[in-house]
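Examination of the molecular architecture
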Amino acid sequence: MNKYQQFSNHLKEMPDEKGYFGKYGGAYLPPELVAAFEEIATAYQTICHSAQFINELRRIRKEFQGRPTPVYHCERLSRLNGGAQIYLKREDLNHTGAHKLNHCMGEGLLAKFLGKKRLIAETGAGQHGVALATAAAFFGLECEIHMGEVDIAKQAPNVARMKVLGAKVVPVTFGLKTLKEAVDSAFISYAENYKDSIYCIGSAVGPHPFPLMVRDFQKVIGIEAREQFFDMVGEMPDAVCACVGGGSNSIGMFTPFVGDPVEIYGVEPLGRGEKVGDHAASMRFGSEGVMHGFNSIMLQDKKGEPLPVYSIASGLDYPSVGPEHAYLHDSGRIHYVYATDEQAVEAFYKLSRYEGIIPALESSHAVAYAMQLAREMKTGSILVNLSGRGDKDIDYVIERYGDGKQYL
Ligand SMILES: *Cc1c(COP(=O)(O)O)cnc(C)c1O
């Protein structure tokens, strides 16, 4: 058995029924929320095998989301780097412009099957809030998004989008008034309302069953990409690569490939550098601990409190990583690597100028690493998940970096 084959049953074996990927995962919850999460876990285990649920999700993906998204060969960018060929899985072409809708539509459909009338979540930069508000509008459900006052002020366009889509944005006014407090506020509302509501997490993190559910809803990316790439090229890619914030687009891309002879790279944000508060590279600088209801690798201080994090890409600044990533890291199956703000911005301009595709700053981290890897590999192929489009980042990038001539 080679080192890849031992993972060929990974999707069937992980997680166990308590939501553990090896020692990572689980559900560490306040007593008032235990019953609510158990209800979701039990319901999901049944519904995910139901033909009606699977067929309905397939129809939604095709008719509403515009799936399958294409795989595209970047010939000019590959030539520029003079090494391996770079291919993109175009999640930027998924409805709403990023991969997040994949799990929001799954969570919305689950709510519908359970007869719930409201979706509850928190949001930081607002991307998850917009995707969930889209799902709520589609299914005719109410949507309640908790958001720190500081983030509301910073993310006006996303707040406006949520409101246009019919969501109720709840301002969180305590503590630092950002993501952490928004999580607490959403949990409180959910504990009070779980009989007619469902909580929807925005990444492959949180208490069981969310890392499992989000992985399952996102793995459509890797399943499609694996087949599309094989159709185009006639073999498997040599490497697969995606950016890692909480880890949803990457786990969706990676898990269908874990049993294949393919090198897999998760790219974390190294921000401005290695000092605490300058990056969000949880795998590189983190250690085992429990946060937000699950056990994983996290950036923490001596008391186990989350450390401050930073990235130019607000979707990547999370002080932990999904438990399945922590397991695949320790088992040596996936390489976790880094790209800085500077490298991401360079990739942002290069992909825009050489291919006519403006990537999200989050996705630019994956493109940056792929360009470096392409030069090192010299031949072969790299399949990159382009998790989202960059329209949301253009004003900021232009203001700080101008026309990008220095990178081209
Ligand atoms: C939110 C976001 C990410 C990071 O989240 P993951 O859960 O790690 O995938 C990456 N890319 C885009 C475009 C995002 O909006």
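Everything numeric in this text was worked out from a predicted model, so none of it was measured.

As for the pairing of strand β14 (residues 381–386)
Among the six residues of β14, six are classified as buried, and the element is accordingly described as predominantly covered. Burial along β14 is two-sided: the residues Ser381, Leu383 and Asn385 and Ile382, Val384 and Leu386 are all buried. One ladder, built from three bridges, connects strand β9 (residues 239–243) with β14; its direction is parallel. Looking across to β14, one finds that Ala239 is bridged to Ile382.

Thoughts on the sheet that holds strand β8 (residues 197–199)
Strand order across the open sheet formed by four strands is β7-β6-β5-β8, with parallel pairing between neighbours. Taken across any chain shown, the strands that pair with only one partner, and hence form the sheet edges, are β7 (168–172) and β8. Neighbour to neighbour, the strand axes of the sheet diverge by 20° on average, direction disregarded.

Description of the sheet that holds strand β3 (residues 71–74)
If you trace the six strands from one edge of the open sheet to the other, you get β3-β4-β14-β9-β10-β13, paired in mixed fashion. Among the strands making up the open sheet, the edge pair consists of β3 and β13 (334–340). With strand direction ignored, the average angle separating the axes of adjacent strands in the sheet is 30°. By the bridge criterion, six bridges tie strand β4 (residues 85–90) to β14 in an arrangement that is parallel. The partner of Lys89 across the bridge, within β14, is Asn385. Sitting on the sheet, helix α11 (residues 220–233) is in contact with β3, β4 and β14, with an inclination near 135° to β4. Here helix α15 (residues 341–355) sits on the sheet in contact with β3, β4, β10 (263–271), β13 and β14, set at roughly 85° to β13.

So, the pattern of salt bridges
Side chains that carry opposite charge are capable of pairing whenever their charged atoms lie near each other. Following the criterion strictly, the structure yields 23 salt bridges and no others. Between Glu56 and Arg59 there is a salt bridge; the shortest N-O distance is 3.1 Å. Placement of the pair is Glu56 and Arg59 together in helix α3 (residues 51–65), with a separation of three residues, close to one helical turn.

Description of the nonpolar core
Phe37, Leu119, Leu132, Met162, Tyr190 and Tyr199 are the most contacted members of the largest nonpolar core, which has 53 residues in total. Among the elements that make up this core, the one with the highest residue count is helix α6 (residues 127–139) (seven residues). Once you skip the residues sitting within four places of it in the chain, Leu119 turns out to touch Gly108, Ala111, Leu132, Ala136, Leu141, Glu142, Cys143, Glu144, Ile198 and Cys200. Ranked by size, the runner-up nonpolar core spans 37 residues in total, among them Cys243, Ala313, Ala374 and Tyr401.

Things to note about the side chain of Ser185
Turning to its location among the elements, Ser185 is positioned in helix α9 (residues 179–193). The buried category is assigned to Ser185, whose relative accessible area is 12%. Contacts of Ser185, omitting those with residues within four sequence positions, involve His146, Val172 and Phe174.

Topic: the site of the ligand
Close to the ligand lie 16 residues, the nearest being Lys100, Ser203, Gly245, Ser248 and Ser387. Side-chain polar atom of Lys100 to an oxygen atom of the ligand: 2.6 Å apart, as the coordinates give it. A distance of 2.6 Å separates an oxygen atom of the ligand from a polar side-chain atom of Ser203. Taken together, the residues that form the shell around the ligand break down as four nonpolar, 10 polar and two charged.

Parameters at a glance
Residues numbered from 1 in each chain as written. Predicted model: local features only at pLDDT ≥ 70, side-chain atom pairs only at ≥ 80, totals over all residues. Heavy atoms only, no water. Buried < 20%, exposed > 50% of the residue type's maximum accessible area, 1.4 Å probe, protein only. Helix = DSSP H or I, 4+ residues; strand = E, 2+ residues; numbered from the N terminus. Pairing = 2+ DSSP bridges. Axes fitted to C-alpha atoms, helices over the stretch in contact; angles between N-to-C directions. Contact = heavy atoms within 4.5 Å. Salt bridge = Lys/Arg side-chain N within 4 Å of Asp/Glu carboxyl O. Core = buried A, V, L, I, M, F, W, Y, C linked by side-chain atoms within 4.5 Å. Near = heavy atom within 4 Å. Polar contact = N/O pair within 3.5 Å; in protein donor to acceptor, adjacent residues only side chain to side chain. Nonpolar A, V, L, I, M, F, W, Y, C, P; charged D, E, K, R; others polar.

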